[in-house]
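Descriptive structure summary
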Amino acid sequence: MSMASINETFKHPALFYRTAQEYTDQTVSFIREGLAAGEPVAVAVPGPNLELIKSGLGTDADGLLFLDMTDAGRNPGRIIPGVLRKFADAHPKGRVRIIGEPIWAGRTATEYPACAQHEALINAAFEGRAVTILCPYDETRLDADVLTDARLTHPTVISQGREQASDAYDWEAIVARYNEALPAAPDAAVFSFDAEELPAARTFAVRQAQRLGLDGTRLLDAELAVAELTTNSVIHGGGHGTLAIWSEAGQVVVEVRDAGRLLDPLAGRRPPEQGQLGGRGLMLVHYVTDLVRVHTTGDGTAVRFYLTP
């Protein structure tokens, strides 16, 4: 392998840690190694872990980008465009180094499939780029299945200070596994639409969202997301679709189903190229909602988003 190809290789290790000290030692070492090589560094991890890293770095923390992943990555679907690609694209020359911790013990069972798919899709989003993304996993608080999935989504795993190739790496299998069917709630309010009824679909969604407790900015977020998804259904999903809305576990849930097939697993996660017309709809939905789940088959696609009042 040539030196050029080595420098352009994407690196995506999972860091399995058991204690706060191990977490601090490993992440700080990773950051200082990058700084010594002149690499731009960003850190996006949950707040308490952010403080561990800052404390461990001391004055070396000055000038680094720190993001609380519970905010920046609340919806895992916006981490690639809004955190990882945003930072990497701002530093196009040389290698970039990022710590990203999208899966923590507070993640819900509803969120987790989107988190696992995110970790898998990082490999497609950065293939061939000079970027290193380290993803920490808490061995003491995360389920064994989560750690097993991490071995499929990461080509290498760091455990007890040693990095080894994963013997299970297969990110596409994770994307497929969590392309799960999304059964609608039996009490959902439902509206069928076509091109002529797009305004009526938005009005229906807004009224139902208000009834379920959304107001202010959150109501505007719901209206915008519904407008984008229903328009996509008309243009790309066979000209019509079905809108459903209900309340679940304290959140308002909205789903749009149509006959289209979403062939690009990175749809909505790939920032548009300069001058590109269109292609921003699903990414916009990721940005304004708390979670997006997608199920696509040869028979059609369901896109479901969640908003907390």
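Residues numbered from 1 in each chain as written. Predicted model: local features only at pLDDT ≥ 70, side-chain atom pairs only at ≥ 80, totals over all residues. Heavy atoms only, no water.

With an unreviewed UniProt entry as reference, the protein is termed Anti-sigma factor RsbA family regulatory protein, source organism Nonomuraea recticatena.

Details of empty space enclosed by the protein
One water molecule sets the probe size; rolling that probe over the atoms shows where empty space is left. We count it as follows: For each structure, a 1 Å grid was placed over the protein atoms alone; sets of points admitting a 1.4 Å probe that cannot get out are labelled cavities, open sets with protein on both sides within 12 Å along at least five of seven lines are labelled pockets, and lining residues have an atom within 4 Å of a point. Grid points are joined across faces, edges and corners, and a volume is the space filled by probe spheres set on the points. Runs of E in the DSSP output that reach at least two residues are strands. Runs of H or I that reach at least four are helices, and both are numbered from the N terminus.
Tallying each qualifying case throughout the model produces 1 cavity of 30 Å³ or more. The computed volume of the largest cavity comes to approximately 30 Å³. Met69, Ile79, Leu84, Gly100, Pro102, His118, Glu119, Ile122, Ile133 and Cys135 together form the lining of the largest cavity. Sorting the residues of the lining of the largest cavity by element identifies α5 (79–89), α6 (112–125) and β5 (131–138) as the ones contributing at least two each. It is α6 that contributes the most residues to the lining of the largest cavity, 3 residues altogether.

Looking at the packing of aromatic side chains
Operational definition: Two rings from Phe, Tyr or Trp (for Trp, the six-membered ring) form a pair when their centres are within 6.5 Å of each other. A pair whose planes differ by under 30 degrees is stacked, one over 60 is edge-to-face, and the rest are tilted. Relative accessibility decides the category of a residue: with a 1.4 Å probe and only protein chains considered, values under 20% of the type maximum give buried, values over 50% give exposed, and everything between is partly exposed. Our definition puts a charge over a ring when NZ of Lys or CZ of Arg is within 6 Å of the ring centre and also within 35 degrees of the ring normal.
Taken as a whole, this structure holds 5 aromatic pairs when the rule is applied. Both rings, one in Phe16 and one in Tyr137, keep their centres 6.0 Å apart while their planes meet at 65°; by these two values the pair is edge-to-face. On the criterion of sequence distance, the pair formed by Phe16 in strand β1 (residues 13–17) and Tyr137 in strand β5 is long-range, its members being 121 residues apart. Summarising the burial analysis for this pair, Phe16 and Tyr137 share the class buried. Relative to Tyr23, the ring of Tyr17 lies with its centre 4.6 Å away and its plane at 65°, an arrangement referred to as edge-to-face. The ring of Phe66 has Lys54 sitting right over it, with the charged end atom 5.2 Å from the ring centre. Between the NZ or CZ atom of Arg97 and the centre of the ring of Phe30, over which it lies, the distance is 4.5 Å.

Looking at helix α11 (residues 281–288)
Threshold: By the convention used here, residues are in contact when the closest approach between their heavy atoms is within 4.5 Å.
With respect to burial, α11 is a largely interior element, 6 of its 8 residues being buried. What α11 keeps buried is the set Gly281, Leu282, Met283, Val285, His286 and Val288. Looking at the buried positions of α11, the neighbouring elements they touch are α5, α10 (216–236), β11 (291–297) and β12 (300–307).

Looking at the pattern of salt bridges
The following threshold applies: Whenever a carboxyl oxygen of Asp or Glu lies within 4 Å of a side-chain nitrogen of Lys or Arg, that contact is scored as a salt bridge.
Taken as a whole and judged by the stated rule, the model has 14 salt bridges. Between Arg218 and Asp221 there is a salt bridge, with the nearest N and O atoms lying 3.1 Å from each other. With a gap of 3 residues between them, Arg218 and Asp221 both fall in helix α10, about one helical turn apart. Here Arg218 matches Asp221 in class, with each residue buried. In this structure, Glu255 engages Arg304 in a salt bridge whose closest nitrogen and oxygen atoms are separated by 2.6 Å. Of this pair, Glu255 sits in strand β10 (residues 251–258) while Arg304 sits in strand β12; the two residues are 49 residues apart in sequence, bridging distant segments of the chain. Of the two residues, Glu255 and Arg304, neither departs from the other in class, the shared state being buried. Look at the salt bridges and you will find they share partners, linking Glu33, Glu39 and Arg97 into a network.

A few points about the confidence of the model for the protein
For clarity, the threshold we go by: In predicted models, pLDDT denotes the confidence assigned by the predictor to each residue on a 0 to 100 scale.
Mean pLDDT over the protein stands at 94; residues scoring 70 or higher make up 95%. In this model, residues 1–6 is a region of pLDDT below 50 whose contacts with residues beyond four sequence positions or in other chains number 3 contacts.

A short note on the pairing of strand β7 (residues 162–165)
Selection criterion: Should DSSP find at least two bridges between two strands, the strands are taken to pair.
Sheet analysis places strand β6 (residues 156–159) next to β7, joined by 4 bridges and oriented antiparallel. Within the sheet, the bridge partner assigned to Thr156 lies in β7 and is Ala165. What sits between the antiparallel neighbours β6 and β7 is a turn of 2 residues, in which Gln160 has the positive phi angle 55°.

Focus on the packing of α6 against helix α7 (residues 144–153)
Definition in use: Comment: axis = line fitted to C-alpha atoms, over the contacting stretch for helices; angle = value between 0 and 180 degrees taken between N-to-C directions. Roughly parallel means an angle under 35 degrees; roughly antiparallel, over 145; roughly perpendicular, 65 to 115; everything else is oblique. Here is the rule for handedness: rotate from the far helix to the near one, and if that takes an anticlockwise turn smaller than a right angle the crossing is left-handed, while a clockwise turn gives right-handed. Three residue categories are used. Nonpolar comprises Ala, Val, Leu, Ile, Met, Phe, Trp, Tyr, Cys and Pro, charged comprises Asp, Glu, Lys and Arg, and polar comprises the others, including Gly.
Across the interface, α6 lies against α7 with an axial gap of 9 Å and an inter-helix angle of 20°. Judged by the inter-axis angle, α6 sits roughly parallel to α7. Read as a crossing pair, α6 and α7 show a hand that is right-handed. Contact residues: Tyr112, Ala116, Glu119, Ala120 and Asn123 in α6; Asp145, Val146, Asp149 and Thr153 in α7. Of the residues belonging to the contact of α6 with α7, the class tally is 4 nonpolar, 2 polar and 3 charged.

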